[in-house]
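Next come the chains, spelled out residue by residue.
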Amino acid sequence: MSSTPVLPDGWRLVALESVGSTNDEAARLADAGAPEGTVVWAREQTGGRGRRGRAWASPVGNLYTSTILRPDCPAARAAELGFVSALAVADIVPSDRAVRVKWPNDVLVDGGKVAGILLESAIAQTGVVQHVIAGIGINVGFAPQLPEMRYPGAALGGSVEAALEAFTAALAQRLAEWRREGFEAVRAHWLAKAGPLGTEVDVKLGDELVRGRFGGVDHEGALLLETSSGPRRIVSGELLGRAA
Ligand code: BTN
């Protein structure tokens, strides 16, 4: 497919050849009042950003897109949209590939990272979310190997346009589900695609490395870990390896 991607009803595409970061462009549009469903898509990014201050290599050939969301929820619930976005990515993986979500919001295909999600929120003084930028990078044409990756990358194949169309359709559906049924439904779907409970995992918390058994995620999306010194609830960290 090389025609202009078709977006869900009421959504709007801002297509760019090249930009620093689609998240920055989407935030600029959101600050200027652009509505939910505004999708910024660039063929390449010259300053693509990942989580934890990392760069996200963004040459032509993969999908780089940021969607403006206006969830109208308290700031504490904004992170739920990371799970919503991860499920939307998982939804577009062909059924003959093994897909798994990994806390907090990575998606693995055949054991390799296929997508990264960077959520950035603007919070009003009232504590309500003004907007969330859901920035998604999906490996479509190739899988870059980044030095910090502890497992290989994977790519979806197909065209970037087809991936954008499928992803935005899936995101619109998963968002509707989240609004209709709440985080509990999203959490259940996410857990069904996560690694098995009880799998031994390592979690990096700053300089600390915590080892334990994967106990799922709680009602707020925090990671639950059974460690040798008892249960731990982890709000922010990095799960290492392929498991869970
Ligand atoms: C991660 O570290 O796993 C998250 C990577 C997120 C990359 C995407 S690409 C589109 C959007 N624009 C950015 O600068 N980052 C996100």
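Residues numbered from 1 in each chain as written. Predicted model: local features only at pLDDT ≥ 70, side-chain atom pairs only at ≥ 80, totals over all residues. Heavy atoms only, no water.

## A few points about the packing of helix 2 (residues 80–91) against helix 4 (residues 183–193)
The geometry of helix 2 relative to helix 4 is characterised by a closest axis approach of 10 Å and an angle of 50° between their N-to-C directions. If you check the angle between helix 2 and helix 4, you find them oblique. With respect to the hand of their crossing, helix 2 and helix 4 are arranged in left-handed fashion. Only Phe 183, Val 186, His 189, Trp 190 and Lys 193 of helix 4 make contact with helix 2, whose side of the interface consists of Glu 80, Phe 83, Val 84, Ala 86, Leu 87, Ala 90 and Asp 91. (Axes fitted to C-alpha atoms, helices over the stretch in contact; angles between N-to-C directions. Helix = DSSP H or I, 4+ residues; strand = E, 2+ residues; numbered from the N terminus. Parallel < 35°, antiparallel > 145°, perpendicular 65-115°, else oblique. Left-handed = near helix turned anticlockwise from the far one by under 90°. Contact = heavy atoms within 4.5 Å.)

## Quick notes on the site of the ligand
Around the ligand, 18 residues are found, and the nearest of them are Ser 21, Gln 45, Arg 49, Arg 51 and Lys 113. Note that an oxygen atom of the ligand is positioned 2.8 Å from one of the side-chain N or O atoms of Ser 21. In the environment of the ligand, an oxygen atom lies 2.7 Å from a nitrogen or oxygen atom belonging to the side chain of Lys 113. Protein coverage of the free-state accessible area of the ligand, which is 420 Å², stands at 98%. Those elements that place two or more of their residues in the shell around the ligand are helix 1 (22–31), strand 3 (63–69), strand 6 (112–123) and strand 7 (129–138). (Near = heavy atom within 4 Å. Polar contact = N/O pair within 3.5 Å; in protein donor to acceptor, adjacent residues only side chain to side chain. Areas by Shrake-Rupley, 256 points an atom, 1.4 Å probe, with all protein chains shown as cover.)

## Details of the side chain of Asn 62
Looking at the element boundaries, Asn 62 is found in the loop between strand 2 (38–45) and strand 3. Judged by its relative accessible area of 2%, Asn 62 is buried. A polar side-chain atom of Asn 62 sits 2.7 Å from the main-chain amide nitrogen of Val 140. Among all residues touching Asn 62, those that are not within four sequence positions of it are Arg 43, Ile 138, Asn 139, Val 140, Gly 141, Phe 142, Pro 144 and Val 160. (Buried < 20%, exposed > 50% of the residue type's maximum accessible area, 1.4 Å probe, protein only.)

## Some words on the pairing of strand 5 (residues 106–109)
The side-chain alternation of strand 5 yields two buried faces, one formed by Asp 106 and Leu 108 and the other by Val 107 and Val 109. Between strand 4 (residues 99–102) and strand 5, which pair antiparallel one after the other, the connecting turn spans 3 residues. Relative to strand 6, strand 5 runs antiparallel, the two being bridged by 3 bridges. Within the sheet, the bridge partner assigned to Leu 108 lies in strand 6 and is Lys 113. Between strand 5 and strand 6, which pair antiparallel one after the other, the connecting turn spans 2 residues, and Asp 110 there sits at a positive phi close to 50°. (Pairing = 2+ DSSP bridges.)

## Some words on helix 1
Within the sequence span of helix 1, burial applies to Thr 22, Asn 23, Glu 25, Ala 26, Leu 29 and Ala 30. The buried side chains of helix 1 occupy one side of the element, clustering within an arc of 165° when seen end-on. Against the buried residues of helix 1 lie strand 1 (12–19), strand 2, strand 3, strand 6 and strand 7. Sitting at the amino-terminal end of helix 1 is Ser 21, which places a side-chain oxygen 3.1 Å from the backbone nitrogen of Asn 23. In the segment just after helix 1, Gly 33 is the residue with positive phi, at about 100°. (Arc of directions from axis to C-beta.)

## With respect to the pattern of salt bridges
Taken as a whole and judged by the stated rule, the model has 20 salt bridges. In this structure, Arg 28 engages Glu 25 in a salt bridge whose closest nitrogen and oxygen atoms are separated by 2.7 Å. Of this pair, Arg 28 and Glu 25 both sit in helix 1, 3 residues apart, which is roughly one turn of that helix. Its salt-bridge partner being Glu 161, residue Arg 43 comes within 2.9 Å of it at the nearest N-O pair. Separated by 118 residues along the polypeptide, Arg 43 in strand 2 and Glu 161 in helix 3 (residues 160–181) bring together distant segments of the chain. What makes Arg 43 partly exposed here is its relative accessible area of 27%. (Salt bridge = Lys/Arg side-chain N within 4 Å of Asp/Glu carboxyl O.)

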